[in-house]
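Structure at a glance
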Amino acid sequence: MPDDALGRPYGVPVKREPILPNGVLGMLMFVATEVMFFSGLISAFVIGKSNAIGGWPPPGQPRLPIEETALNTAALLASGVLLYFANRAFLKDSPKTKGLLAGSIALGGFFVLFQGAEWVALIGEGLTLTSGQLGGFFYLLVGSHALHVVVGFLILLYTYRRLTAGNLDRFTFWPAQIFWYFVVGVWPVLYWQVYL
Amino acid sequence: MRSLGRALAAIAAVALGWAANVALACPSCASPLEENRQAFVDTTIFLTVVPLTMIGGLIWWLRRKAREMDGPPEIQVPDNLLRDVGSFTNER
């Protein structure tokens with residue numbers, strides 16, 4: 001059977017590369033649902049806050065640590081930036097990838113630990129899930145985000161393990177990055193709404 | 001006569017819409033706090049725009065990528081080889 005100009009036998013269908021890998025499309029759809037989940041929570045918080053009698057934060061409730069959390073916010077944003085550069089290094093097959101990814105994971109871990117310490121202090125001051133509207137909303141919103149950070153942290157650890165084993169491919173790394181960028185991107189909105 | 005009937009029906013529909021300003025379907029709409037009413041409007045707009053933006057953005061991006069992938073062929077065939085073939089089109 002004669003071949004065509006590209007050396008392929010006639011009659012064999014050309015397999016087209018998909019626009020998006022399945023893993024990436026699945027992660028994008030998942031992140032879209034997560035965006036709506038957080039949008040719903042933030043909207044409920046905004047309405048609850050605007051309905052508070054006596055102003056917000058409610059009188060007699062502990063103040064949230066704005067400055068310390070700003071530092072933590074910077075750490076999480078830096079983690080996202082490092083992940084971006086880790087991806088660039090990964091695509092160039094650069095040896096810097098490992099260090100950049102490790103830095104991103106370390107900053108994510110720092111964020112979780114710092115927030116854990118912050119929660120311990122706030123619970124000590126009397127801010128609990130049932131102490132009032134502030135406590136209820138705070139632990140629901142920030143707690144939901146913290147849960148996502150922990151999951152993202154574990155996903156990044158998994159990608160790091162694959163990287164060190166030499167079998168990380170971009171179809172695994174790409175969805176992991178999308179999830180982490182979502183976690184990083186939603187936090188400044190929460191910080192602005194809940195803390196400021 | 002028929003067009004007059006249509007015009008009257010349209011006017012009636014507009015009049016009904018105009019009169020519907022007393023229909024308050026949400027508890028926050030009747031709130032005495034202006035800030036609360038505004039928050040309700042803001043969050044309604046926010047929750048309407050966010051999914052439309054996400055879905056619209058994905059469709060726009062996919063269309064752009066699909067067009068990029070349907071770009072010029074990988075191998076440029078010299079014109080002298082195509083001379084006897086006639087008009088060439090990339091459409092299927």
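Structure shown above.
Residues numbered from 1 in each chain as written. Chains lettered and ligands numbered in written order. Predicted model: local features only at pLDDT ≥ 70, side-chain atom pairs only at ≥ 80, totals over all residues. Heavy atoms only, no water.

**Examining the interface of chain B and chain A**
- Facing 22 residues of chain B, the contacting portion of chain A comprises 19 residues.
- Interface of chain B and chain A: buried area, both sides summed, is about 1700 Å²; carbon and sulfur atoms make up 76% of it.
- Applying the counting rule to chain B against chain A returns 0 salt bridges.
- At the boundary of chain B with chain A, the tally comes to 2 residue pairs in polar contact (both at pLDDT 80 or more).
- Residue classes in the side of chain B that touches chain A are distributed as 14 nonpolar, 4 polar and 4 charged. (Contact = heavy atoms within 4.5 Å. Buried area = accessible area lost by both parts, 1.4 Å probe. Salt bridge = Lys/Arg side-chain N within 4 Å of Asp/Glu carboxyl O. Polar contact = N/O pair within 3.5 Å; in protein donor to acceptor, adjacent residues only side chain to side chain. Nonpolar A, V, L, I, M, F, W, Y, C, P; charged D, E, K, R; others polar.)

**Overview of the packing of helix 4 (residues 133-165) of chain A against helix 5 (residues 170-195) of chain A**
All names here are of chain A.
- With their axes 9 Å apart at the nearest point, helix 4 and helix 5 run at an angle of 155° to one another. Comparing the axis directions of helix 4 and helix 5 gives the class roughly antiparallel. You can see that helix 4 and helix 5 cross each other, and the crossing is left-handed. (Axes fitted to C-alpha atoms, helices over the stretch in contact; angles between N-to-C directions. Helix = DSSP H or I, 4+ residues; strand = E, 2+ residues; numbered from the N terminus. Parallel < 35°, antiparallel > 145°, perpendicular 65-115°, else oblique. Left-handed = near helix turned anticlockwise from the far one by under 90°.)

**Thoughts on helix 4 of chain A**
- If you check helix 4 of chain A, its first and last C-alpha atoms are 48 Å apart, about what 33 residues at 1.5 Å a residue would give, namely 48 Å.
- Of the residues one or two after helix 4 of chain A, Gly-166 of chain A is the one with positive phi, at around 80°. (Expected span 1.5 Å × (residues − 1).)

It is worth stressing that arrangement in space is one thing and function is another; only the former is reported here.
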